[in-house]
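The chain contents come next:
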Amino acid sequence: MVSAINKKHFSGDIRAIFASSVLSAVVGSILAVSLGLLVWWGAISMLNYDVTPGVVIAFVMYLNLLFRPLRMLADKFNVLQMGMVAGERVFVVLDSKENLQNNGTLQPEHIEGKLNFKDVHFSYKEDIPVLKGISFELGAGKTMAVVGHTGAGKTSIINLINRQYEIQNGNILIDGKDIKNYDIDSLRKHIGIVLQDVFLFSGTIYDNITLRNTDISLEEVQRVTQMLGIHEFIMSLPGGYEFDVMERGNSLSQGQRQLVSFARALLYNPSILILDEATSSVDSESEQLIQHAIDTLIKGRTSIVIAHRLSTIRMADSILVMDKGQIIEQGNHDELIASKGEYYKLYTAVERQKQKAIL
């Protein structure tokens, strides 16, 4: 299937490049012949004193003005083709049917956040399992860290908690009730997610924290940022909360963008908090602020942390070690170190890297 798609894409690219090249060559050839004829005619006419050199030069400029738009058409041909393909893909997405059935009726004002996975099996495509019988229980207000190599299934667990996908087998319970019984919009209001790749839109810091919710006052935002310890950082920027972060937060560093996303998550006070690699690429200037912000965020709420930083993982009440869609170890930091299994290997490897960096 993938091979056929690649061949079709390759064939389409070849046809587009060929058509663009032919059009560009034809336009260039016509221009060259036209200039040659013009020079020949102009030279004869000037020798006979029928035209002046200025008239010939003017006609050369006219030819360039005539053929420049044709050359631009040739250059834009590929852009037009790519736009048509991109538009087709957009319409495919818009016309696709929603796979999730929002049949749940539960719309609680508050949830405790007790989370339970019971023999959960999940795959994005048939016959390619991603999660294989995942079972764990996380008490309300507790923190669980999930570690493992890339592709182990860590992010898939997060996607299932807020019902981005349907599971094939098993049950996921929140406060003892199956998540399918919750109204999807209501469920997601109680879940806060902070990702590694923070998306900030063009606008002020205040707008990015509130998501342009006009019901949230500046005082509420300041209360949250002061709790996180980032109020001073924001006020140090030109304009403070009115500082323009630009598209995707280009005027801020990676660590500063992460701090804004923490404030956004805390402002909506979720009962369940998910940090997906939120501390993996942080500059040293923001590291202490981020660690304090994380401690404030997870305090008193059910938290799932996917992280590489041992300082974040060690504080977790429990740790899941995953490999190829299965839980291979489970326990707290001291228990897993004592067992000298996969977590012990990961821990010692990171410690060795830290020692080398110091030396």
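About the thresholds
Residues numbered from 1 in each chain as written. Predicted model: local features only at pLDDT ≥ 70, side-chain atom pairs only at ≥ 80, totals over all residues. Heavy atoms only, no water. Helix = DSSP H or I, 4+ residues; strand = E, 2+ residues; numbered from the N terminus. Contact = heavy atoms within 4.5 Å. Phe/Tyr/Trp six-rings, centres within 6.5 Å; stacked < 30°, edge-to-face > 60°. Buried < 20%, exposed > 50% of the residue type's maximum accessible area, 1.4 Å probe, protein only. Salt bridge = Lys/Arg side-chain N within 4 Å of Asp/Glu carboxyl O. Core = buried A, V, L, I, M, F, W, Y, C linked by side-chain atoms within 4.5 Å. 1 Å grid on protein atoms, 1.4 Å probe; cavity = no way out; pocket = protein on both sides within 12 Å on 5 of 7 lines; lining within 4 Å. Points joined across faces, edges and corners; volume = space filled by probe spheres on them. Nonpolar A, V, L, I, M, F, W, Y, C, P; charged D, E, K, R; others polar. pLDDT = per-residue confidence, 0-100.

Asker: I tried to follow the side chain of threonine 225 on my own but got confused; where do I start?
Answerer: Note on placement: threonine 225 falls in helix H6 (residues 218-228). Ignoring any residue separated from it by four or fewer positions in sequence, one finds threonine 225 in contact with Ile209, Ile230, His231, Ile234, Tyr241 and Ala263.

Asker: Explain the packing of aromatic side chains to me, please; I cannot follow it from the model alone.
Answerer: Given two aromatic rings, one states the distance between the centres and the angle between the planes to describe the pair. One pass over the structure, following the stated rule, counts six aromatic pairs. Considering the side-chain rings of tryptophan 41 and phenylalanine 59, the 6.4 Å spacing of their centres and the 65° angle between planes classify their relative orientation as edge-to-face. Here tryptophan 41 is found in helix H1 (residues 2-47), whereas its partner phenylalanine 59 is found in helix H2 (residues 53-95), with 18 residues between them in sequence. On the basis of relative accessibility, which here comes to 37%, the residue tryptophan 41 falls in the partly exposed class. Assessed through its relative accessible area of 40%, phenylalanine 59 is described here as partly exposed. One aromatic cluster is present, formed by Trp41, Phe59 and Tyr62 through successive ring pairs.

Asker: I tried to follow the pattern of salt bridges on my own but got confused; where do I start?
Answerer: Should the charged atoms of two oppositely charged side chains come close, the side chains can pair. This structure, assessed with the given rule, holds three salt bridges. The salt bridge involving glutamate 166 is made with arginine 163; its shortest N-O contact spans 2.4 Å. The exposure class assigned to glutamate 166 is partly exposed, which follows from its relative accessible area of 25%. The salt bridge involving aspartate 207 is made with arginine 212; its shortest N-O contact spans 3.8 Å.

Asker: Is there a simple way to explain the side chain of histidine 333 in this structure?
Answerer: Position of histidine 333 relative to the elements: it lies in helix H11 (residues 333-339). When sequence neighbours within four positions are dropped, the list of residues in contact with histidine 333 reads Arg314, Ile319, Tyr343 and Tyr347.

Asker: Which parts of the structure should I look at to understand the nonpolar core?
Answerer: Generally speaking, nonpolar side chains in soluble globular proteins are found buried as a group. One finds Ile205, Ile209, Leu228, Phe262, Leu275, Ile319 and Tyr343 to be the most contacted residues of the largest nonpolar core, which totals 43 residues. Take this core: its biggest share by element is seven residues, from helix H8 (residues 254-267). Setting aside anything within four residues of it in sequence, one finds isoleucine 205 in contact with Ile234, Leu237, Gly240, Tyr241, Phe243 and Val245. Among the nonpolar cores identified, the runner-up in size contains 30 residues, and Ile157, Ile167, Ile274 and Ile304 belong to it.

Asker: Looking at this structure, I do not really get the layout of surface pockets. What am I missing?
Answerer: A probe matching the size of a water molecule, rolled over the atoms, marks out where space remains unfilled. Its boundaries defined by the atoms lining it, the second largest pocket holds a volume of some 590 Å³. In terms of lining, the second largest pocket is formed by 22 residues, of which the most central are Ile191, Gly192, Ile193, Val194 and Arg264. Those elements that provide at least two residues to the lining of the second largest pocket are helix H3 (154-161), helix H4 (184-189), strand E6 (191-195) and H8. Considering each element in turn, the lining of the second largest pocket owes the most residues, five residues, to E6. Among the residues forming the lining of the second largest pocket, the class breakdown is 11 nonpolar, six polar and five charged.

Asker: What exactly am I supposed to notice about the confidence of the model for the protein chain here?
Answerer: Detailed conclusions should not be drawn from predicted coordinates in areas where pLDDT is low. Per-residue pLDDT for the protein chain averages 81, and the proportion of residues at 70 or more is 91%. Summarising per-element confidence for the protein chain, the mean pLDDT is lowest in helix H9 (residues 284-298) (69) and highest in strand E1 (residues 115-122) (92).

Asker: Looking at this structure, how should I read the environment of lysine 324?
Answerer: Tracing the backbone shows lysine 324 in the loop between strand E9 (318-323) and strand E10 (326-331). Note on lysine 324: relative accessible area 61%, which makes it exposed. For the pair lysine 324 and isoleucine 111, spaced 213 residues apart in the sequence, the C-alpha separation amounts to 32 Å. Setting aside its immediate chain neighbours within four residues, lysine 324 contacts Lys132 and Ala152.

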